[in-house]
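# Coordinate analysis (summary)
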Amino acid sequence: NNYGMIGNGVNGSTDEKLPLQVGTDTDWKTLTANVFDTCATKNDGTLWCWGRNYARSHGLGHQDPSYVPRQAGSDTDWESIAIGESHMFGIKTGGDGYCAGSSYHGKCGTGIETTLYSPTLFAGQHKWTKLAASPYFSCGLTDTAKIFCWGLNHYGQLGQLSTWNDEPMLVGEP
């Protein structure tokens, strides 16, 4: 819990050996976590994150860690989320994909390498049903059942021949 990723308001090396409820809310809908962060959506479509917030991956506009859940913006149309090491994805109602945090090696799929301070639309021509984020690359499934991947490709994890792509590329096409 070095960065508050458990969400219990404590920052430190205290381990929790038993399940611990995060706050008192009982209206959570989706959940994702990585080594340092946790993000979730609620039934009302709001997005919440806590933990390290490296490279502004929580979409809060700053890089300060959060030891309790903090709402990311005021949007109420988040459907699902995925979080990598330093970036976070969300799909909104209608299938638009958004990314916040580091886009180093193109892992946000926006076509540019930068830090995204708030959730930013990427690959607007696609409607996403599922997004997956790893530390250095990302993939998504579209509403037409096609898989696209982007980011670093040292070991062929993008399903393509390039060394990296900063925009989603259809898997299986060079």
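Notes on the structure follow. Fair warning: this is a prediction, and the values are worked out from it, not measured in the lab.

### Quick notes on the packing of aromatic side chains
- The final tally for this structure, using the stated rule, is nine aromatic pairs.
- Measuring from ring centre to ring centre gives 5.2 Å for F89 and F122, while their planes differ by 55°; the resulting arrangement is tilted. With F89 in strand β6 (residues 87-92) and F122 in strand β8 (residues 115-122), the pair connects residues that are 33 residues apart, well separated along the chain.
- Accessibility expressed as a relative area gives 0% for F89, which makes it buried.
- Aromatic pair W128 and W150: ring centres 5.6 Å apart, planes at 55°, arrangement tilted. Of the two residues, W128 sits in strand β9 (residues 128-133) while W150 sits in strand β11 (residues 147-152), which places them 22 residues apart along the sequence.
- A residue is classified by how much of its surface remains accessible, and W150, at 0% relative accessible area, is buried.
- Here the aromatic residues F89, F122, W128, F148 and W150 are joined through ring pairs into a cluster of three or more.

### Considering the state of the cysteines
- Under the counting rule described, the total for this entry stands at three disulfides.
- Two residues, C39 and C49, share a disulfide whose sulfurs are 2.1 Å apart. Across the disulfide from C39 to C49, rotation about the S-S bond amounts to roughly 110°, and the bridge is consequently right-handed. Of the two residues, C39 is situated in strand β2 (residues 37-42) and C49 in strand β3 (residues 47-51); the sequence distance between them amounts to ten residues.

### Looking at the pattern of salt bridges
- In this structure the tally under the stated criterion is six salt bridges.
- As a salt-bridge pair, K29 and E79 come within 3.5 Å of each other at their nearest N and O atoms. Of the two residues, K29 sits in strand β1 (residues 28-33) while E79 sits in strand β5 (residues 78-83), which places them 50 residues apart along the sequence.
- Residue classification places E79 among the partly exposed residues on the basis of a relative accessible area of 33%.
- One salt bridge in this structure joins K92 and D77, with 3.7 Å as the shortest N-O distance. Of this pair, K92 sits in strand β6 while D77 sits in the loop between β4 (66-71) and β5; the two residues are 15 residues apart in sequence, bridging distant segments of the chain.
- K92 gets classed as buried once you look at its relative accessible area, which sits at 8%.
- A single salt-bridge network, built from bridges that share partners, covers D25, D27 and K42.

### Observations regarding the side chain of S86
- Structurally, S86 can be placed in the loop between β5 and β6.
- At 2.7 Å, the side chain of S86 and the side chain of K107 are in polar contact.
- Those residues in contact with S86 that lie beyond four places of it in its chain are Y54, A55, S57, A100, G101, S102 and K107.

### Some details on the nonpolar core
- Membership of the largest hydrophobic core is limited to twelve residues, which are A82, F89, I91, C99, C108, L116, F122, A123, W128, L131, F148 and W150.
- For this core, the elements supplying multiple residues, two or more each, are β6, β8, β9 and β11.
- In this view, L116 contacts R56, C99, A100, G101, C108 and T110; residues no more than four positions away in its chain are not counted.
- In this structure, C49, W78, M88 and Y98 belong to the second largest nonpolar core, which totals ten residues.

### Notes on the environment of F122
- When its relative accessible area of 1% is taken as the criterion, F122 is described as buried.
- In this structure, the C-alpha to C-alpha distance between F122 and K146, residues 24 residues apart in sequence, is 16 Å.
- Excluding anything up to four places from it in sequence, F122 contacts F89, G97, Y98, C99, C108, G109, T110, W128, L131, W150 and P168.

Reading the values: the criteria
- Residues numbered from 1 in each chain as written.
- Predicted model: local features only at pLDDT ≥ 70, side-chain atom pairs only at ≥ 80, totals over all residues.
- Heavy atoms only, no water.
- Phe/Tyr/Trp six-rings, centres within 6.5 Å; stacked < 30°, edge-to-face > 60°.
- Helix = DSSP H or I, 4+ residues; strand = E, 2+ residues; numbered from the N terminus.
- Buried < 20%, exposed > 50% of the residue type's maximum accessible area, 1.4 Å probe, protein only.
- Disulfide = S-S within 2.5 Å.
- Salt bridge = Lys/Arg side-chain N within 4 Å of Asp/Glu carboxyl O.
- Polar contact = N/O pair within 3.5 Å; in protein donor to acceptor, adjacent residues only side chain to side chain.
- Contact = heavy atoms within 4.5 Å.
- Core = buried A, V, L, I, M, F, W, Y, C linked by side-chain atoms within 4.5 Å.

That's the geometry; what it means functionally is another story.
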